[in-house]
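Listed below are the residues making up each chain.
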Amino acid sequence: MDAPQLISRRQALAAGISDGELQRLCRSGQWRRVRAGHYVNAPAPALTPAGRHLMLAMATCEAMSEDAVASHCSAVVIHGLPTWSLPLDRAHMTRNRTNGGFIKKQHVLHSAQLAPDEITLVNGLRVTTVPRTVIDIARSASFEQAVAIGDSALRQGLTTAGELREQVSHRRRRGSQQATRVIDFLDGRSESVGESRSRVAFHQAGLPASELQARIFTDDEICVARVDFLFAGLGVIGEFDGDVEYRRECAGTRPAARLMVERNRDDRLRALGWMVVRWTWADLADATQLIRRIFAAAAVATDVRRTGHWTSTPRI
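The shown structure was predicted, so the numbers you read here are calculated from the model rather than taken from an experiment.

1. A look at the overall build of the protein
Stage number 1. Broken down by element type, the protein carries 13 helices and 13 strands.
Stage number 2. Going through the 316 residues of the protein one by one, you find that 47% of them count as buried.
Stage number 3. Of the roughly 16,500 Å² of accessible surface on the protein, 50% is carried by carbon and sulfur atoms.
Stage number 4. In the protein, 42 side chains carry a positive charge and 34 a negative one; their mean positions are 7 Å apart.

Structure representation (structure tokens):
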């Protein structure tokens, strides 16, 4: 099946599709109206929320004058960055002016200073560069949202910490202090939104900083595993079980086999004196209980290292 395409009314008419046929296609659910004069030749379920927003952003770019640049959450989508928890019901555009911004039903227009080197082209769309996009999000969204996006941008090599710091230091704008706080926390070793959210939760709970993607070795220098979070001082290993977890060890295996790999792996880590704590997306909705589990695991690890053996079967 061909990928869904954005089609303007003018293009449809030129292809011999009348206004009446456009209305019938939309009523039947075969096509979807994106905004006035723009349609997607696919039903709504065929697109992800990010995909639907991309179509809206493309249509909005076509409808507005050339001095408008896709920005904020629209730039996030266009650059392929994660959109976790971002509202995607409106396209966001920025014009290089001091006033005249507004919010409408389907798009938001920002008025802000926009230098030429903060604008790039992506598939023919004028969009804020990745550094400018990350800073805009850091200035306007929550700390957790900004970290998830910034970590991903660093991990994909789309920007660097130096470029982000230069954005803030050389072009100070409202919210720069908030953006600096985000930049100071970013880490491109974080491999998913779930791991980024976990880092934020640990930081806010006052846990010591963990080492990300650490390798655990035996005394014979044999690598046992690469782990998501290593709290070396606590004797605890943390693993976020997202959709891609264990893709390295369990690629192509059935769920039961994956579970066995997981258990065997954790047993080897515990044999080396580490406690292993696992969590999922659901645990991040309110991380209070997760934090308690990590501190409980740290207490068990301390006891094991002191006595040299398990005093009870760990249930963390």
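Read on, since the account is not over.
2. Side note on helix H8 (residues 176-185)
Stage number 1. Listing the buried residues of H8 in full gives Ser176, Ala179, Val182, Ile183 and Phe185.
Stage number 2. Buried residues along H8 sit against helix H5 (130-140), helix H6 (143-155), helix H7 (161-170) and helix H9 (193-205).

3. As for the confidence of the model for the protein
The predicted structure's coordinates, where accompanied by low pLDDT, should not be read in detail.
Stage number 1. On average, residues of the protein score 90 in pLDDT, and 92% of them are at 70 or above.
Stage number 2. Here residues 244-250 is a poorly scored stretch, pLDDT under 50, and it has 17 contacts once near neighbours within four places are set aside; other chains count.
Stage number 3. Within the model, pLDDT remains below 50 along residues 311-316, and this stretch shows nine contacts once partners closer than five positions in the same chain are excluded.

4. Quick look at the sheet that holds strand S11 (residues 223-231)
Stage number 1. Taken in spatial order, the four strands line up as S10-S11-S12-S13 in an open sheet, and their pairing is mixed. What marks the edges here is a single partner per strand, and that holds for strand S10 (211-217) and strand S13 (275-279). Taking the axes of each pair of neighbouring strands and ignoring which way they run, one obtains an average angle of 50° across the sheet.
Stage number 2. Looking at chain direction, S10 and S11 are connected through six bridges and run antiparallel. Counterpart to Ile216 in the pairing with S11 is Ala225.
Stage number 3. Lying on the sheet, helix H13 (residues 288-307) is in contact with strand S12 (236-240) and S13; it crosses S13 at an angle near 170°.

5. Examining the pairing of S13
Stage number 1. Burial analysis of S13 places five of its five residues in the buried class, the great majority of the element.
Stage number 2. The alternating pattern of S13 places Met275, Val277 and Trp279 on one face and Val276 and Arg278 on the opposite face, and all of these are buried.
Stage number 3. Strand direction decides the pairing type here: S12 and S13, joined by five bridges, are parallel. Looking at S13, one finds that Val236 is bridged to Met275.

6. Observations concerning the pairing of strand S7 (residues 107-111)
Put simply, side chains in a regular strand alternate between the two faces of the sheet.
Stage number 1. Both strand S5 (residues 91-95) and S7 contribute to a ladder of five bridges, which runs parallel. Paired with Ala91 across the strands is His107, a residue of S7.
Stage number 2. A loop of three residues connects strand S6 (residues 102-103) with S7, the two strands running antiparallel in sequence.

7. Observations regarding the nonpolar core
Stage number 1. Ranked by size, the top nonpolar core spans 26 residues in total, and within it Leu86, Val147, Ile149, Leu164 and Val182 carry the most contacts.
Stage number 2. Of all the elements in the fold, those that place two or more residues in this core are helix H4 (72-78), H5, H6, H7 and H8.
Stage number 3. Looking at this core, the element that brings in the most residues is H6, giving six residues.
Stage number 4. Judged by nonpolar contacts, the second largest core, of 18 residues, contains Phe202, Leu234, Leu284 and Ala297.

8. Focus: the environment of Ala225
Stage number 1. Relative to the elements of secondary structure, Ala225 occurs in strand S11.
Stage number 2. Ala225 sits in the buried class, given a relative accessible area of 3%.
Stage number 3. For Ala225 and Asp266, which are 41 residues apart along the polypeptide, the C-alpha to C-alpha distance reads 9.2 Å.
Stage number 4. Apart from the residues within four sequence positions on either side, Ala225 is in contact with Ala214, Arg215, Ile216, Arg265 and Leu269.

Rules and cut-offs
- Residues numbered from 1 in each chain as written.
- Predicted model: local features only at pLDDT ≥ 70, side-chain atom pairs only at ≥ 80, totals over all residues.
- Heavy atoms only, no water.
- Helix = DSSP H or I, 4+ residues; strand = E, 2+ residues; numbered from the N terminus.
- Buried < 20%, exposed > 50% of the residue type's maximum accessible area, 1.4 Å probe, protein only.
- Areas by Shrake-Rupley, 256 points an atom, 1.4 Å probe, with all protein chains shown as cover.
- Lys, Arg positive; Asp, Glu negative; His and termini not counted.
- Charge placed at Lys NZ, Arg CZ, Asp CG, Glu CD.
- Contact = heavy atoms within 4.5 Å.
- pLDDT = per-residue confidence, 0-100.
- Pairing = 2+ DSSP bridges.
- Axes fitted to C-alpha atoms, helices over the stretch in contact; angles between N-to-C directions.
- Core = buried A, V, L, I, M, F, W, Y, C linked by side-chain atoms within 4.5 Å.

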